[in-house]
Amino acid sequence: MMPAISLDVDGPAAPPRLNGELVFDAPWQSRSFAMAMALVEEGHFTWDQFRDHLIATIDSWESASEGVQYRYYERWQEALESIVTNRRILTNPEIHERAIAYAARPAGHDHGHDGHDHGHDGHDHGHSGRHRH
Amino acid sequence: MSEHSQASDRPSAAVRTEALESLLVERGLVKSEVLDGFVNRYVNDVGPMNGARVVAKAWVDEDYRRRLLDDGTGAIGELGFSGPQGEHMVVVENTDEVHNVVVCTLCSCYPWPVLGLPPEWYKDPAYRSRMVREPRTLLGEMGLDLDDGVVVRVWDSSAENRYLILPQRPPGTSELSEEQLAELVTRDAMVGVAKVHAP
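Residues numbered from 1 in each chain as written. Chains lettered and ligands numbered in written order. Predicted model: local features only at pLDDT ≥ 70, side-chain atom pairs only at ≥ 80, totals over all residues. Heavy atoms only, no water.

A.B. asks: In this structure, what is going on with helix H3 (residues 48–60) of chain B? I would like to understand it.
C.D. replies: All names here are of chain B. A rise of 1.5 Å per residue sets the reference length of H3, with its 13 residues, at 18 Å; its end C-alpha atoms lie 19 Å apart and thus fit the reference within 8%. In terms of burial, H3 is largely enclosed, as 10 of its 13 residues are buried. Within H3, burial applies to Pro48, Asn50, Gly51, Ala52, Val54, Val55, Ala56, Lys57, Ala58 and Trp59. Where H3 is buried, its residues touch helix H4 (62–70), helix H5 (72–78), helix H6 (112–115), strand S4 (162–166), helix H10 (178–184) and helix H11 (187–191). (Helix = DSSP H or I, 4+ residues; strand = E, 2+ residues; numbered from the N terminus. Expected span 1.5 Å × (residues − 1). Buried < 20%, exposed > 50% of the residue type's maximum accessible area, 1.4 Å probe, protein only. Contact = heavy atoms within 4.5 Å.)

So this is what it looks like as C-alpha coordinates:
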(Lines give C-alpha, C1' and ligand atoms only; values in the text may rest on other atoms or scores of the structure.)
Protein backbone atom coordinates (compact mmCIF):
# COMPACT_ATOMS: atom_id res chain seq x y z
CA MET A 1 0.00 0.00 0.00
CA MET A 2 1.23 3.41 -0.88
CA PRO A 3 0.76 5.97 1.86
CA ALA A 4 -1.30 9.00 0.94
CA ILE A 5 0.67 12.03 -0.04
CA SER A 6 0.53 14.63 2.64
CA LEU A 7 0.01 18.20 1.55
CA ASP A 8 0.05 19.51 5.08
CA VAL A 9 2.94 21.79 4.29
CA ASP A 10 0.43 23.99 2.53
CA GLY A 11 -2.40 23.51 4.97
CA PRO A 12 -3.66 25.99 7.52
CA ALA A 13 -1.63 24.26 10.23
CA ALA A 14 1.63 24.90 8.44
CA PRO A 15 3.71 27.53 10.23
CA PRO A 16 4.21 30.72 8.25
CA ARG A 17 7.61 31.00 6.66
CA LEU A 18 9.54 33.59 4.80
CA ASN A 19 9.80 31.43 1.74
CA GLY A 20 6.41 29.83 2.16
CA GLU A 21 7.30 26.44 3.52
CA LEU A 22 8.80 24.58 6.41
CA VAL A 23 12.03 23.14 5.14
CA PHE A 24 13.05 21.16 8.21
CA ASP A 25 10.74 19.36 10.62
CA ALA A 26 13.34 19.29 13.36
CA PRO A 27 16.66 21.00 14.02
CA TRP A 28 18.71 17.80 13.68
CA GLN A 29 17.56 17.52 10.07
CA SER A 30 19.07 20.89 9.29
CA ARG A 31 22.35 19.85 10.94
CA SER A 32 22.52 16.64 8.93
CA PHE A 33 21.76 18.56 5.76
CA ALA A 34 24.41 21.16 6.52
CA MET A 35 27.08 18.59 7.38
CA ALA A 36 26.73 17.05 3.93
CA MET A 37 26.92 20.50 2.32
CA ALA A 38 29.99 21.45 4.35
CA LEU A 39 31.85 18.22 3.61
CA VAL A 40 31.12 18.62 -0.09
CA GLU A 41 32.30 22.22 0.00
CA GLU A 42 35.49 21.18 1.79
CA GLY A 43 36.16 18.62 -0.91
CA HIS A 44 35.83 15.47 1.20
CA PHE A 45 33.47 14.06 -1.40
CA THR A 46 31.35 15.37 -4.26
CA TRP A 47 27.63 15.91 -4.24
CA ASP A 48 27.20 13.14 -6.82
CA GLN A 49 29.12 10.72 -4.61
CA PHE A 50 26.87 11.63 -1.70
CA ARG A 51 23.83 11.27 -3.95
CA ASP A 52 24.89 7.72 -4.83
CA HIS A 53 24.90 6.84 -1.15
CA LEU A 54 21.54 8.57 -0.68
CA ILE A 55 20.01 6.64 -3.56
CA ALA A 56 21.36 3.38 -2.16
CA THR A 57 20.06 3.98 1.36
CA ILE A 58 16.64 5.06 0.11
CA ASP A 59 16.47 2.05 -2.18
CA SER A 60 17.39 -0.42 0.53
CA TRP A 61 14.96 1.20 2.96
CA GLU A 62 12.14 1.04 0.43
CA SER A 63 12.69 -2.61 -0.30
CA ALA A 64 12.81 -3.50 3.41
CA SER A 65 10.38 -1.18 5.16
CA GLU A 66 6.86 -1.82 3.93
CA GLY A 67 4.29 0.07 5.96
CA VAL A 68 6.77 2.12 7.96
CA GLN A 69 6.62 5.91 7.77
CA TYR A 70 9.24 7.17 5.36
CA ARG A 71 11.44 9.90 6.80
CA TYR A 72 13.67 11.51 4.23
CA TYR A 73 16.21 13.06 6.56
CA GLU A 74 16.70 9.79 8.44
CA ARG A 75 17.80 8.30 5.13
CA TRP A 76 19.92 11.40 4.53
CA GLN A 77 21.70 10.92 7.85
CA GLU A 78 22.19 7.23 7.11
CA ALA A 79 23.71 8.09 3.74
CA LEU A 80 25.96 10.64 5.38
CA GLU A 81 27.25 8.09 7.89
CA SER A 82 27.68 5.65 5.04
CA ILE A 83 29.85 7.94 2.91
CA VAL A 84 31.80 9.30 5.89
CA THR A 85 32.77 5.79 6.98
CA ASN A 86 33.19 4.49 3.45
CA ARG A 87 35.71 7.22 2.73
CA ARG A 88 37.44 6.63 6.09
CA ILE A 89 36.71 10.11 7.38
CA LEU A 90 35.36 8.50 10.57
CA THR A 91 34.78 4.90 11.60
CA ASN A 92 31.47 3.24 12.31
CA PRO A 93 32.43 2.21 15.86
CA GLU A 94 33.38 5.74 16.89
CA ILE A 95 30.14 7.21 15.55
CA HIS A 96 28.17 4.45 17.21
CA GLU A 97 30.00 4.82 20.50
CA ARG A 98 29.42 8.58 20.59
CA ALA A 99 25.76 8.16 19.70
CA ILE A 100 25.26 5.55 22.42
CA ALA A 101 26.87 7.90 24.91
CA TYR A 102 24.61 10.76 23.88
CA ALA A 103 21.53 8.56 23.93
CA ALA A 104 22.38 7.54 27.50
CA ARG A 105 22.30 11.09 28.81
CA PRO A 106 19.69 11.76 31.48
CA ALA A 107 16.18 12.51 30.25
CA GLY A 108 15.75 16.13 29.24
CA HIS A 109 19.34 16.44 28.23
CA ASP A 110 18.91 15.71 24.58
CA HIS A 111 15.93 18.04 24.21
CA GLY A 112 13.82 15.27 22.75
CA HIS A 113 15.17 15.53 19.23
CA ASP A 114 13.20 12.64 17.95
CA GLY A 115 11.97 14.21 14.78
CA HIS A 116 8.63 15.16 16.31
CA ASP A 117 9.51 18.35 18.03
CA HIS A 118 7.68 21.34 16.69
CA GLY A 119 7.75 24.98 17.42
CA HIS A 120 11.31 25.65 16.39
CA ASP A 121 11.52 28.53 14.00
CA GLY A 122 14.07 27.15 11.64
CA HIS A 123 16.79 29.36 13.00
CA ASP A 124 19.62 27.49 14.53
CA HIS A 125 19.37 28.46 18.13
CA GLY A 126 20.05 26.01 20.87
CA HIS A 127 19.65 22.83 18.92
CA SER A 128 21.69 19.70 19.17
CA GLY A 129 25.13 19.46 17.79
CA ARG A 130 26.65 22.46 19.40
CA HIS A 131 26.59 21.22 22.94
CA ARG A 132 29.87 20.27 24.44
CA HIS A 133 30.02 17.26 26.67
CA MET B 1 19.14 4.70 26.23
CA SER B 2 16.71 7.15 24.76
CA GLU B 3 13.07 6.16 24.71
CA HIS B 4 13.05 7.23 21.08
CA SER B 5 15.61 4.72 19.95
CA GLN B 6 14.38 2.69 17.03
CA ALA B 7 16.23 -0.45 17.98
CA SER B 8 17.92 -1.57 21.13
CA ASP B 9 21.37 -0.71 19.85
CA ARG B 10 20.58 2.04 17.39
CA PRO B 11 20.06 5.57 18.71
CA SER B 12 17.67 7.85 16.87
CA ALA B 13 18.73 9.79 13.80
CA ALA B 14 18.65 12.95 15.91
CA VAL B 15 21.18 11.56 18.37
CA ARG B 16 23.34 10.06 15.62
CA THR B 17 23.35 13.42 13.84
CA GLU B 18 24.52 15.13 17.00
CA ALA B 19 27.20 12.46 17.50
CA LEU B 20 28.42 12.83 13.94
CA GLU B 21 28.62 16.61 14.18
CA SER B 22 30.54 16.51 17.43
CA LEU B 23 33.10 14.11 15.95
CA LEU B 24 33.49 16.09 12.74
CA VAL B 25 33.92 19.33 14.68
CA GLU B 26 36.47 17.76 17.06
CA ARG B 27 38.54 16.57 14.10
CA GLY B 28 38.41 20.00 12.52
CA LEU B 29 36.56 18.63 9.49
CA VAL B 30 33.60 21.00 9.77
CA LYS B 31 32.93 24.16 11.73
CA SER B 32 29.64 24.63 13.52
CA GLU B 33 29.47 28.22 12.24
CA VAL B 34 29.74 26.94 8.68
CA LEU B 35 26.84 24.59 9.34
CA ASP B 36 24.86 27.48 10.82
CA GLY B 37 25.52 29.41 7.63
CA PHE B 38 24.16 26.65 5.40
CA VAL B 39 21.06 26.26 7.54
CA ASN B 40 20.35 29.98 7.62
CA ARG B 41 20.85 30.26 3.91
CA TYR B 42 18.38 27.53 3.05
CA VAL B 43 15.84 28.42 5.70
CA ASN B 44 15.86 32.18 5.25
CA ASP B 45 17.37 33.22 1.95
CA VAL B 46 16.79 30.58 -0.68
CA GLY B 47 13.27 29.67 -1.59
CA PRO B 48 10.63 29.52 -4.29
CA MET B 49 10.60 33.31 -4.67
CA ASN B 50 13.81 33.02 -6.68
CA GLY B 51 12.08 30.72 -9.13
CA ALA B 52 9.02 32.96 -9.17
CA ARG B 53 11.18 35.88 -10.30
CA VAL B 54 12.60 33.76 -13.10
CA VAL B 55 9.11 32.80 -14.27
CA ALA B 56 7.75 36.34 -14.09
CA LYS B 57 10.67 37.69 -16.09
CA ALA B 58 10.13 35.03 -18.74
CA TRP B 59 6.48 36.07 -18.99
CA VAL B 60 7.26 39.72 -19.65
CA ASP B 61 10.54 39.44 -21.56
CA GLU B 62 10.39 37.29 -24.68
CA ASP B 63 14.16 37.34 -25.21
CA TYR B 64 14.70 36.15 -21.66
CA ARG B 65 12.09 33.43 -22.11
CA ARG B 66 13.97 32.09 -25.13
CA ARG B 67 17.30 32.19 -23.32
CA LEU B 68 15.72 30.45 -20.35
CA LEU B 69 14.36 27.59 -22.43
CA ASP B 70 17.61 27.37 -24.37
CA ASP B 71 20.05 27.51 -21.44
CA GLY B 72 18.32 27.27 -18.07
CA THR B 73 21.45 27.47 -15.91
CA GLY B 74 22.76 30.52 -17.76
CA ALA B 75 19.49 32.46 -17.81
CA ILE B 76 18.78 31.71 -14.15
CA GLY B 77 22.33 32.74 -13.34
CA GLU B 78 21.66 36.13 -14.98
CA LEU B 79 19.36 36.88 -12.04
CA GLY B 80 22.04 35.84 -9.58
CA PHE B 81 20.60 32.46 -8.68
CA SER B 82 23.16 29.69 -8.68
CA GLY B 83 24.79 27.25 -6.32
CA PRO B 84 24.54 23.63 -5.23
CA GLN B 85 21.89 21.71 -7.18
CA GLY B 86 21.52 24.62 -9.57
CA GLU B 87 23.86 23.26 -12.19
CA HIS B 88 22.39 21.62 -15.28
CA MET B 89 19.07 23.46 -15.04
CA VAL B 90 16.56 22.58 -17.71
CA VAL B 91 13.42 24.71 -18.01
CA VAL B 92 10.39 23.21 -19.72
CA GLU B 93 7.35 25.22 -20.69
CA ASN B 94 3.72 24.37 -20.11
CA THR B 95 1.37 25.11 -23.01
CA ASP B 96 -2.28 24.53 -23.87
CA GLU B 97 -1.23 21.17 -25.32
CA VAL B 98 1.46 19.94 -22.93
CA HIS B 99 1.63 19.89 -19.14
CA ASN B 100 5.02 19.13 -17.58
CA VAL B 101 5.68 17.88 -14.08
CA VAL B 102 8.90 17.08 -12.22
CA VAL B 103 9.81 14.14 -10.02
CA CYS B 104 12.99 12.55 -8.75
CA THR B 105 12.31 8.85 -8.62
CA LEU B 106 15.64 7.94 -7.04
CA CYS B 107 16.37 10.44 -4.33
CA SER B 108 14.41 13.70 -4.42
CA CYS B 109 16.81 15.86 -6.44
CA TYR B 110 15.44 19.38 -6.58
CA PRO B 111 16.66 22.73 -7.96
CA TRP B 112 17.59 24.38 -4.67
CA PRO B 113 18.75 27.81 -5.92
CA VAL B 114 15.37 28.53 -7.50
CA LEU B 115 12.96 26.57 -5.29
CA GLY B 116 14.72 26.14 -1.96
CA LEU B 117 14.59 22.71 -0.34
CA PRO B 118 11.89 20.29 -1.41
CA PRO B 119 8.56 19.99 0.40
CA GLU B 120 7.63 16.80 2.22
CA TRP B 121 5.35 15.46 -0.49
CA TYR B 122 8.06 15.74 -3.17
CA LYS B 123 10.25 13.37 -1.13
CA ASP B 124 7.41 10.94 -0.43
CA PRO B 125 7.86 7.47 -1.96
CA ALA B 126 4.26 7.59 -3.19
CA TYR B 127 4.84 10.80 -5.14
CA ARG B 128 8.10 9.48 -6.55
CA SER B 129 6.60 6.26 -7.84
CA ARG B 130 3.08 7.29 -8.75
CA MET B 131 4.00 10.43 -10.68
CA VAL B 132 5.73 8.15 -13.17
CA ARG B 133 3.06 5.45 -13.23
CA GLU B 134 -0.14 7.47 -13.14
CA PRO B 135 0.63 11.18 -13.35
CA ARG B 136 -2.83 12.27 -14.44
CA THR B 137 -4.50 10.49 -11.53
CA LEU B 138 -2.01 11.79 -9.00
CA LEU B 139 -2.21 15.35 -10.34
CA GLY B 140 -5.98 15.10 -9.99
CA GLU B 141 -5.63 14.00 -6.37
CA MET B 142 -3.34 16.96 -5.80
CA GLY B 143 -6.01 19.28 -7.12
CA LEU B 144 -4.96 19.69 -10.74
CA ASP B 145 -7.48 18.36 -13.23
CA LEU B 146 -6.21 18.39 -16.78
CA ASP B 147 -8.30 18.11 -19.94
CA ASP B 148 -8.05 14.74 -21.65
CA GLY B 149 -6.47 16.39 -24.67
CA VAL B 150 -3.52 17.68 -22.70
CA VAL B 151 -0.37 15.58 -22.93
CA VAL B 152 1.36 15.05 -19.56
CA ARG B 153 5.14 14.84 -19.61
CA VAL B 154 6.98 13.67 -16.50
CA TRP B 155 10.59 14.74 -16.09
CA ASP B 156 12.75 12.60 -13.82
CA SER B 157 15.50 14.64 -12.18
CA SER B 158 18.97 13.17 -12.28
CA ALA B 159 22.58 14.02 -11.62
CA GLU B 160 22.65 15.47 -15.14
CA ASN B 161 19.46 17.53 -15.12
CA ARG B 162 17.42 19.58 -12.67
CA TYR B 163 14.07 20.71 -13.99
CA LEU B 164 12.04 23.86 -13.48
CA ILE B 165 8.61 24.20 -15.01
CA LEU B 166 7.72 27.45 -16.72
CA PRO B 167 3.99 27.63 -15.98
CA GLN B 168 1.47 29.33 -18.24
CA ARG B 169 0.78 32.95 -17.50
CA PRO B 170 -2.80 33.14 -16.28
CA PRO B 171 -5.29 35.08 -18.39
CA GLY B 172 -6.36 38.51 -17.20
CA THR B 173 -2.94 39.51 -15.92
CA SER B 174 -1.78 41.83 -18.70
CA GLU B 175 -1.97 44.84 -16.40
CA LEU B 176 0.28 43.35 -13.74
CA SER B 177 3.91 44.32 -13.28
CA GLU B 178 6.73 41.78 -13.26
CA GLU B 179 6.85 42.03 -9.46
CA GLN B 180 3.12 41.50 -9.14
CA LEU B 181 3.30 38.52 -11.47
CA ALA B 182 6.10 36.98 -9.41
CA GLU B 183 3.85 37.04 -6.37
CA LEU B 184 1.34 34.82 -8.18
CA VAL B 185 3.85 32.09 -9.00
CA THR B 186 3.87 29.23 -6.52
CA ARG B 187 6.40 26.54 -5.81
CA ASP B 188 3.83 23.90 -6.77
CA ALA B 189 3.36 25.50 -10.19
CA MET B 190 7.10 25.40 -10.80
CA VAL B 191 7.20 21.69 -9.94
CA GLY B 192 4.20 21.20 -12.21
CA VAL B 193 1.58 20.00 -9.74
CA ALA B 194 -0.48 23.18 -9.97
CA LYS B 195 -1.29 26.05 -12.30
CA VAL B 196 -0.76 29.72 -11.65
CA HIS B 197 -4.00 31.55 -11.02
CA ALA B 198 -4.88 35.18 -11.55
CA PRO B 199 -5.36 37.15 -8.34
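A.B. asks: Which parts of the structure should I look at to understand helix H1 (residues 13–26) of chain B?
C.D. replies: Given 3.6 residues per turn, any residue in an α-helix points the same way as the ones three and four places further on. With 14 residues, H1(B) should cover 20 Å at 1.5 Å per step; its first-to-last C-alpha distance of 20 Å lies within 8% of that length. Among the 14 residues of H1(B), 12 are classified as buried, and the element is accordingly described as predominantly covered. Looking only at H1(B), the buried set comprises Ala13(B), Ala14(B), Val15(B), Arg16(B), Thr17(B), Glu18(B), Ala19(B), Leu20(B), Glu21(B), Ser22(B), Leu23(B) and Leu24(B). Residues of H1(B) that are buried in the fold lie against helix H1 (27–41), helix H3 (72–86) and helix H4 (92–103) of chain A together with helix H2 (32–45) of chain B.

A.B. asks: Teacher, can you tell me more about the packing of H3(B) against H4(B) here?
C.D. replies: Helix-helix packing: each pair is described by the crossing angle between the helix axes and the interaxial distance. Residues and elements named next belong to chain B. Look at H3 against H4: their axes get within 5 Å of each other, and the N-to-C directions meet at 125°. Between H3 and H4, the angle falls in the class oblique. Read as a crossing pair, H3 and H4 show a hand that is left-handed. Only Glu62, Tyr64, Arg65 and Leu68 of H4 make contact with H3, whose side of the interface consists of Val54, Lys57, Ala58 and Val60. A per-class count over the contact of H3 with H4 returns 5 nonpolar, no polar and 3 charged. (Axes fitted to C-alpha atoms, helices over the stretch in contact; angles between N-to-C directions. Parallel < 35°, antiparallel > 145°, perpendicular 65-115°, else oblique. Left-handed = near helix turned anticlockwise from the far one by under 90°. Nonpolar A, V, L, I, M, F, W, Y, C, P; charged D, E, K, R; others polar.)

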